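Below, each chain spelled out in residue letters.
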Amino acid sequence: MSPSRTDGPVAAADRPALVRDGRPAAPPAGSPERSRSPRSPRLRRRVGLGLGLGTATLYLSLVVLIPLAAVVWRSTEDGLAGFWAQVTTPESASALRLTIGASLLVALVNLVMGTLIAWVLVRDDFPGKRVVEVLIDLPFALPTIVAGLVLLALYGPSSPLGVDLAYARSGVVVALLFVTLPFVVRTVQPVLLELDRDMEEAAASLGAGRGTIFRRIILPSLLPAMLSGTALAFARSISEFGSTVLISGNIPFDTQVAAVSIFGQIESDNVTGAAAVSTVLLLVALLMLVAMDLLQRWGARRD
Amino acid sequence: MIRVSNVSKNFGEFAALRDVSVDIPSGSLTALLGPSGGGKSTLLRIIAGLEDPDTGTVEIEGEDSTHLSPQHRGVGFVFQHYAAFKHMTVFGNVAFGLEIRKRPKAEITARVQELLELVHLEQFAHRYPAQLSGGQRQRMALARALAVEPKVLLLDEPFGALDAQVRKELRAWLRRLHDEVHVTTVFVTHDQEEAMEVADEIVVMAGGEVQQVGSPDDLYERPASDFVMGFLGPTTRVGGELVRPHDVELLSHPEAGTLPATVQRVVRLGFEVRVDLLVGGEPTWAQITREQARRLGTVPGDTVHLRAAAVAHRIAV
């Protein structure tokens, strides 16, 4: 949060002069002025830079861009109308609706519960805190199919709790909640840890009650982290396969999620259909990432 | 008046304050001065209600505030690291306390404008704190604290995070501001020069206890202990007594009450000259003027005769 840490050396040198003159202050981090590559006259540095950039671009192209482009291309083999027809078959549409709907719900629950858990972990002291700390990451480390198995054992037909969520949409939501738990917690926690407690004390001495302090001081500082954690949880949810495949029972038009639907379409040799659904997921994920980036810029604006 | 009576505070095993009682008069500018860990910040935070004392009471302007929350004490608090609300503009920061009090919009705008003029930040109203220098941020924090018209203004090492030049400017500025605003002000510092320059009254604290209370002159001229004497300025030893080095007289011939000493080194520092001496094998030093040094005409190896001046304040050690 301190300017010395987030600012580049250029900005640090510029700032006092700018402030003294009363001219606009240095542009915020990440603005075009600053992220432009350094204009070094040295040829050697340029060559080095070009080589690095070339390698990185090539690698990204081979590993990410070309495969993605191939999927998009494949999905539009029969033209846009064909793509649309594939996406809107009752089976695909139902799977996409369920996936996106459940993911939105899961993201929302994560936004609230993840923040709450992060809060408790940072601000409260209780026995077994270390254990909970480790537990939070378990859904990250666990193979998702194992997560699915665990959930089936607990919430399946032979549930020891008497809660049977198998072959139901609620089962899908629970599975997604399980695997996405760490995202919001782990993005909010460090921000909360670094949050300047003086700010809260200053607000208190100015007459703000606890609710006001949370709403007007703490929440605005946490919001970018909360939202980017939520976006991550959402992105993970729409792509989830392993954890949902067992508990959902894969009933088409009911509990089949998009990732499983893609798998099914490949199995039945409908590659174009699989590619079309994939492309939709890809677009939704891309949209979410762009939104996340915008949010982070918005958050960095003031630091 | 702020009346602190018999306040003690422990953090675990550590006794931060031991039975501290001190009165701070209304309208004064008082420094809590002492080394780190001496309890001065803890005392300030207890006055603000940010910490609860284990025992003792705090009275602010006649009201027992010991169990009042910080929200209801009517104190303004300024932190060493500004505690700026980073997501609000300068205007938003200063307006915060007034918005909490649900003042009419027009009144808030007018009041904030007035305060920003007071702290010379009127052109910066729409900046974010990250776009301000440290000194500007601290001035904003001061305006924010003053906005709610506090009964007392408390500043915890307010210039501690600033570089030397800005710190000097802000010190002088705080003094002028206080002469304008007259709100009872208490600030914490470990810098004796800062305390001497800014404060009307200094409370010297160490080891969780008040060592001495007085005006800067009082404390410098009549320190109650060797600790206070040493903390407020340079000291030197003459014949088992602690005196100020400028109160040491150097003579070329022995007189009543003088001690012979060997000159080790003569260091000229512009107007003042520092003479390092050995008295009976013990090192000591004296501070004399350039004129006195010229008259004495001493060089290393010479024997001189020294005594504490008649006016000197002495403390036996």
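This one's a predicted model, so the numbers in the text were calculated from it and none came from an experiment. (Residues numbered from 1 in each chain as written. Chains lettered and ligands numbered in written order. Predicted model: local features only at pLDDT ≥ 70, side-chain atom pairs only at ≥ 80, totals over all residues. Heavy atoms only, no water.)

Caption draft 1: Focus on the overall build of chain B. Looking only at helices and strands, one finds 9 helices and 18 strands in chain B. With the principal axes as the frame, chain B shows a C-alpha extent of 80 × 45 × 30 Å. Within the span of chain B, comprising 317 residues, buried residues form 55% of the whole. For chain B, the share of sequence-separated contacts (at least 6 apart) that also reach a separation of at least 24 residues comes to 64%. Per element, the accessible surface of chain B, about 13900 Å² overall, is 49% carbon and sulfur. Across chain B, the centroid of the 33 positively charged side chains sits 5 Å from that of the 42 negatively charged ones. (Helix = DSSP H or I, 4+ residues; strand = E, 2+ residues; numbered from the N terminus. Buried < 20%, exposed > 50% of the residue type's maximum accessible area, 1.4 Å probe, protein only. Contact = heavy atoms within 4.5 Å. Areas by Shrake-Rupley, 256 points an atom, 1.4 Å probe, with all protein chains shown as cover. Lys, Arg positive; Asp, Glu negative; His and termini not counted. Charge placed at Lys NZ, Arg CZ, Asp CG, Glu CD.)

Caption draft 2: Here's a closer look at the interface of chain B and chain A. Facing the 28 residues of chain B at the interface are 29 residues of chain A. When residues of chain B are sorted by the area they lose upon contact with chain A, B:Gln71, B:Lys86 and B:His87 head the list and together hold 25% of the total. Summed over the shared surface of chain B and chain A, the number is 2 salt bridges. As a salt-bridge pair, A:Arg216 and B:Glu99 come within 2.9 Å of each other at their nearest N and O atoms. At the junction of chain B with chain A, the criterion picks out 5 residue pairs in polar contact (both at pLDDT 80 or more). (Buried area = accessible area lost by both parts, 1.4 Å probe. Salt bridge = Lys/Arg side-chain N within 4 Å of Asp/Glu carboxyl O. Polar contact = N/O pair within 3.5 Å; in protein donor to acceptor, adjacent residues only side chain to side chain.)

Caption draft 3: Layout of the confidence of the model for chain A. With 83% of its residues at a pLDDT of 70 or more, chain A shows a mean pLDDT of 82. Considering only residues more than four positions removed or in separate chains, one finds that residues 1-38 of chain A, a stretch of pLDDT under 50, has 37 contacts. (pLDDT = per-residue confidence, 0-100.)

Caption draft 4: Summary view of the pattern of salt bridges. Residues and elements named next belong to chain B. Under the counting rule described, the total for this entry stands at 31 salt bridges over all chains. Residue Asp 276 pairs with Arg 274 through a salt bridge whose shortest N-O separation is 3.1 Å. Classification of Arg 274 by relative accessible area gives partly exposed; the value is 29%. Through salt bridges with shared partners, one network takes in Arg 171, Asp 191, Glu 193, Glu 194 and Glu 197.

Caption draft 5: Broad picture of the environment of B:Thr289. Residue and element names in this part refer to chain B. Mapped onto the fold, Thr 289 is located in strand E16 (residues 282-289). Here Thr 289 falls in the partly exposed class, since its relative accessible area comes to 24%. Residues Thr 289 and Gly 270, spaced 19 residues apart in sequence, show a C-alpha to C-alpha distance of 9.1 Å. Thr 289 has contacts with Phe 271 and Val 273, leaving out every residue within four places of it along the chain.

Caption draft 6: Looking closely at the domain arrangement of chain A. Residue and element names in this part refer to chain A. Here chain A is described as being made up of domain 1 (32-75) and domain 2 (90-302). In this structure, domain 1 and domain 2 have C-alpha centres spaced 31 Å apart. Every contact between the two is made by 5 residues of domain 1 and, on the other side, 7 residues of domain 2. In this assembly, domain 1 packs against domain 2 so that about 510 Å² is buried in total across both faces, 78% of it on carbon and sulfur atoms. (Domains from an automatic or database assignment.)

Caption draft 7: Fine view of the side chain of A:Ser243. Residue and element names in this part refer to chain A. Structurally, Ser 243 can be placed in helix H12 (residues 242-248). A polar atom in the side chain of Ser 243 sits 2.9 Å from the side chain of Glu 240. The residues contacting Ser 243, other than those within four sequence positions of it, are Thr 144, Ala 147, Gly 148, Ala 175 and Val 179.

Caption draft 8: Fine view of the pairing of strand E15 (residues 272-279) of chain B. Residue and element names in this part refer to chain B. For strand E14 (residues 259-269) and E15, the ladder comprises 7 bridges, and the chain directions are antiparallel. The residue bridging Leu 269 from the neighbouring strand is Glu 272, located in E15. Adjacent in sequence and paired antiparallel, E14 and E15 are bridged by 2 residues, among which Gly 270 carries a positive phi angle near 70°. Here E15 runs beside E16; their pairing, made up of 8 bridges, is antiparallel. The partner of Arg 274 across the bridge, within E16, is Gln 287. In sequence, E15 turns back onto E16 through a hairpin of 2 residues, with Gly 280 there showing a positive phi of about 55°. (Pairing = 2+ DSSP bridges.)

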